[in-house]
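Tertiary structure, described
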Amino acid sequence: MTLKDNFGKIMTVNIIMVLGNFPLFFIIAVLSGFTKLEAFLPASDLYQNLGGIFMVESPSPFQMTLYALEGLQTQVLVNTTLTYVFWGIGALFLFTFGIVNVGTAYVLRNIAMGEPVFVWSDFIYAVKRNWKQALPFGIIDGLINAILIFNIYTTVSSGDFITSMMFWGNVILVILYFFMRCYIYVQMVTFKLSVFKILKNSLIFSLLGLKRNAMALLGTVLLILFEILFVFSLGGILLSLGVALPLLIMFSAMAYMKVFAAYFKIKEIMIEPYKLEHPEEFEEDSDDEEIIMRDDVTERERLEEIKKRNGLI
């Protein structure tokens, strides 16, 4: 099994994902209330009026009952200067998101292909080659994910028919975009294509590879459910396991499932037909730098460069 044989490398990929997207920790800190102060505010508009009444006259039993109902206070969290600082640092996540995704997608794709992999060298190699495309798309990708999650969060608790329809519509969009994301970054590190064409192809692949995409989605959902179970339901040593999983293997395992589902469908539909139509471009001694599939042109040079950096030759 490829996953078993490369478990250590996939763990290294997860560490890169966690460290590379470090601004996310600042966002989590803000959302958890770590940077905010507790305060108490009246829960009812009558609170001030009742307070004024009690200052000028002795309260009657009716007024005391009314105060018991309308004189309550509610706890709120108030933003501090540190909150805004953390939001500013957390915003850097938009700039790291695409860079980390494109580098790790390249490493995971090579693992799925069974190629020799040097995780850190391959990651840096992919970032250098693709950062101009990955950086702006990472911002777009992050915003799309944030909007979809926000839409689901704001429509999940309402019993209104229209809101419920909006909720399920957003669920469908989340699943469709999840399927598309299986292919986006893999295409980015494999082909010379514009972002528009990558998105167009990804939409097509999300339907053509429906079975493989569904299996990747199922695996992702199961990992998330296990994480929720470990953290919120079981406790004990399993709570520690639940905390450790995202830091060690969870994110890269989900990414690997998506890459594994996507690459072989891309190979079947795009790579193999192109090889059959243009066999001369895939000869080992080809010097054509304009080939649509950039990796197959420089794969030999890439491996030699990596081996030199790691002292293997």
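Remember, predicted model here, so these are calculated numbers, not experimental data.

For the rest of this paragraph, the subject is the overall build of the chain. For the chain, the helix and strand inventory stands at 13 helices and two strands. Looking at the chain as a whole, 38% of its 313 residues are labelled buried. Here the chain has roughly 18300 Å² of accessible surface; of this, 70% comes from carbon and sulfur atoms.

Now for the packing of aromatic side chains. Scanning the model with the defined rule gives eleven aromatic pairs in all. Summarising the aromatic geometry, the rings of F26 and F86 are spaced 5.0 Å apart at their centres and angled 70° between planes, so their arrangement reads as edge-to-face. Of this pair, F26 sits in helix α3 (residues 23-31) while F86 is found in helix α6 (residues 81-90), placing the two residues 60 residues apart along the sequence. A relative accessible area of 23% means that F26 is categorised as partly exposed. Ring pairing ties together the aromatic residues Y256, F260, Y263 and F264, which thus form one cluster.

A separate point is the nonpolar core. If you look at the biggest cluster of nonpolar residues, it comprises 51 residues, and the most contacted ones within it are V107, L108, I111, I184, Y185, M188 and I266. When contributions to this core are tallied by element, the ones reaching two or more residues are α2 (7-20), α7 (93-113), α8 (119-155), α9 (161-190), α10 (195-208) and α12 (237-277).

On to the pattern of salt bridges. If the charged atoms of two oppositely charged side chains come close together, the side chains can form a pair. Applying the stated criterion across every chain yields a total of two salt bridges. Between D141 and R181 there is a salt bridge, with its nearest N and O atoms 3.0 Å apart. With D141 in helix α8 and R181 in helix α9, this pair connects stretches of sequence that are 40 residues apart. Like R181, D141 is buried. Two residues, E268 and K265, come together in a salt bridge whose shortest N-O distance is 3.5 Å.

Our focus in this paragraph is a nonpolar patch on the surface. There is a patch of nonpolar side chains on the surface, built from F22, L24, F25, I28, L92, F95, L239, V243, L247 and L248 and spanning about 860 Å² of accessible area. The set of elements that each furnish at least two residues to the nonpolar patch consists of α3 and α12. The element that contributes the greatest number of residues to the nonpolar patch is α12, accounting for four residues. Tracing the backbone shows V243 in helix α12.

The next subject is the confidence of the model for the chain. Residues at a pLDDT of 70 or more form 75% of the chain, whose mean pLDDT is 81. Mean pLDDT across the secondary structure elements of the chain bottoms out at helix α13 (residues 294-309), with 52, and peaks at α7, with 93. This stretch, residues 285-298, has a pLDDT under 50; its non-local contacts, to residues over four places away or in other chains, come to 39 contacts.

Mapped onto the fold, F150 is located in helix α8. Residue classification places F150 among the exposed positions, given a relative accessible area of 52%. Along the sequence, F150 and N170 sit 20 residues apart, while their C-alpha atoms lie 9.8 Å from each other.

Right, let's get into the packing of α2 against α8. Close contact between α2 and α8 brings their axes to 10 Å; oriented N to C, the two are set at 50°. By the angle between their axes, α2 is oblique relative to α8. As α2 runs across α8, the sense of the crossing is right-handed. Judged by residue contacts, K9, T12, V13 and I16 of α2 engage V119, W120 and F123 from α8. Per-class residue counts for the contact of α2 with α8 are five nonpolar, one polar and one charged.

Looking at the element boundaries, F118 is found in the loop between α7 and α8. The class of F118 is partly exposed, set by a relative accessible area of 21%. For the pair F118 and K9, spaced 109 residues apart in sequence, the C-alpha to C-alpha distance is 8.4 Å.

Another aspect to go through is the side chain of N170. For N170, the location among the structural elements is in helix α9. Looking at N170, its side chain comes within polar contact range of the main-chain oxygen of M166, at 2.8 Å. When residues no more than four places from it in sequence are discounted, the contact partners of N170 are L148, N151 and I152.

With that settled, consider the environment of V119. Tracing the sequence through the fold places V119 in helix α8. Considering only alpha carbons, one finds V119 and V107, twelve residues apart in sequence, at a separation of 6.3 Å. Once residues within four sequence positions are removed from consideration, V119 is found in contact with K9, T12, V13, I16 and V107.

Parameters at a glance
Numbering of residues begins from 1 in every chain and follows the order in which that chain's sequence is written. Owing to the predicted nature of the model, reporting of local features is limited to residues with pLDDT of at least 70; listing and counting of side-chain atom pairs is limited to 80 or more, with chain, interface and lining totals taken over all residues. Here the side-chain values reflect all heavy atoms present in the structure, with hydrogen atoms and water set aside. Strands here mean DSSP runs of E at least two residues long; helices mean DSSP runs of H or I at least four residues long; both are numbered from the N terminus. Residue exposure (1.4 Å probe, protein chains only): buried if accessible area is under 20% of the type maximum, exposed if over 50%, otherwise partly exposed. Each accessible area value is a Shrake-Rupley result obtained with a 1.4 Å probe; residue values ignore everything except the protein chains displayed when judging cover. Side-chain rings of Phe, Tyr and Trp (the six-membered ring for Trp) are treated as a pair once their centres are within 6.5 Å; stacked means planes under 30 degrees apart, edge-to-face means over 60, and tilted covers the remaining angles. Take the buried residues of types Ala, Val, Leu, Ile, Met, Phe, Trp, Tyr and Cys, join any two whose side-chain atoms come within 4.5 Å, and each joined set is a nonpolar core. In what follows, salt bridge is the name for a side-chain nitrogen of Lys or Arg lying within 4 Å of a carboxyl oxygen of Asp or Glu. Think of a patch as exposed residues, more than 30% relative accessible area, with no salt bridge, where like charges cluster within 9 Å and nonpolar side chains (Val, Leu, Ile, Met, Phe, Trp, Tyr) cluster within 5 Å. For every residue, the predictor assigns a confidence score, pLDDT, that lies between 0 and 100. Any two residues whose heavy atoms approach within 4.5 Å are treated as being in contact. Convention adopted: a line fitted to C-alpha atoms gives each axis, helices being fitted over their contacting stretch, and angles between N-to-C directions are expressed from 0 to 180 degrees. Here the angle decides the label: under 35 degrees means roughly parallel, over 145 means roughly antiparallel, 65 to 115 means roughly perpendicular, and every other value means oblique. Helix crossings are classified by the rotation of the near helix relative to the far one: an anticlockwise turn of less than a right angle makes the crossing left-handed, while a clockwise turn makes it right-handed. When residues are grouped by polarity, Ala, Val, Leu, Ile, Met, Phe, Trp, Tyr, Cys and Pro land in nonpolar, Asp, Glu, Lys and Arg in charged, and all others, Gly among them, in polar. We call two N or O atoms a polar contact when they sit within 3.5 Å, provided that within protein one can donate a hydrogen and the other can accept it, with sequence-adjacent residues counted only if both atoms are side-chain atoms.

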